[in-house]
Amino acid sequence: MDLQKGAGLNFREAAIFEQLSKEAGRKWRDFFRFSTQFFALSCYLKSIAECRKS
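Everything quoted here is computed from the prediction, not taken from an experiment. (Residues numbered from 1 in each chain as written. Predicted model: local features only at pLDDT ≥ 70, side-chain atom pairs only at ≥ 80, totals over all residues. Heavy atoms only, no water.)

Visitor: For this particular structure, what's the right way to read the pattern of salt bridges?
Guide: Between side chains of opposite charge, a pair can form as their charged atoms come close. A full pass over the atoms with the stated rule returns 3 salt bridges. When the shortest N-O distance is used, the salt bridge between Asp30 and Arg33 registers 3.2 Å. Residue Asp30 and its partner Arg33 are located together in helix α1 (residues 2-53), separated by 3 residues, close to a single helical turn. The salt bridge partner of Glu50 is Lys53, with a shortest N-O separation of 3.6 Å. Of the two residues, Glu50 and Lys53 are both situated in helix α1; the distance of 3 residues between them amounts to about one turn of the helix. Note on Glu50: relative accessible area 45%, which makes it partly exposed. Taking relative accessible area as the criterion, Lys53 reaches 66% and is therefore assigned exposed. (Salt bridge = Lys/Arg side-chain N within 4 Å of Asp/Glu carboxyl O. Helix = DSSP H or I, 4+ residues; strand = E, 2+ residues; numbered from the N terminus. Buried < 20%, exposed > 50% of the residue type's maximum accessible area, 1.4 Å probe, protein only.)

Now the structure itself:
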């Protein structure tokens, strides 16, 4: 009986951990997407500034 209870607890913990890791992955993907867009925008603005200088 104790073994089954322990297995159920571990299963629930695994499900919670999986949910947390999915949310963390989603946040990380959003952050990565934002940072790449920001980097592209800064490069674009830098190239415009270089063109205007020359």
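Visitor: For this particular structure, what's the right way to read the packing of aromatic side chains?
Guide: Any aromatic ring pair is given by two values, namely how distant the centres are and how the planes are angled relative to each other. Applying the stated criterion to the full structure yields 2 aromatic pairs. Between Trp28 and Phe31 the ring centres are 5.6 Å apart and the planes differ by 35 degrees, which places this aromatic pair in the tilted class. Highlighted residues: Trp28 and Phe31, both in helix α1, separated by 3 residues, approximately one helical turn. Its relative accessible area of 56% is what places Trp28 among the exposed residues. Classification of Phe31 by relative accessible area gives partly exposed; the value is 48%. (Phe/Tyr/Trp six-rings, centres within 6.5 Å; stacked < 30°, edge-to-face > 60°.)

Geometric values such as these leave the question of function open.
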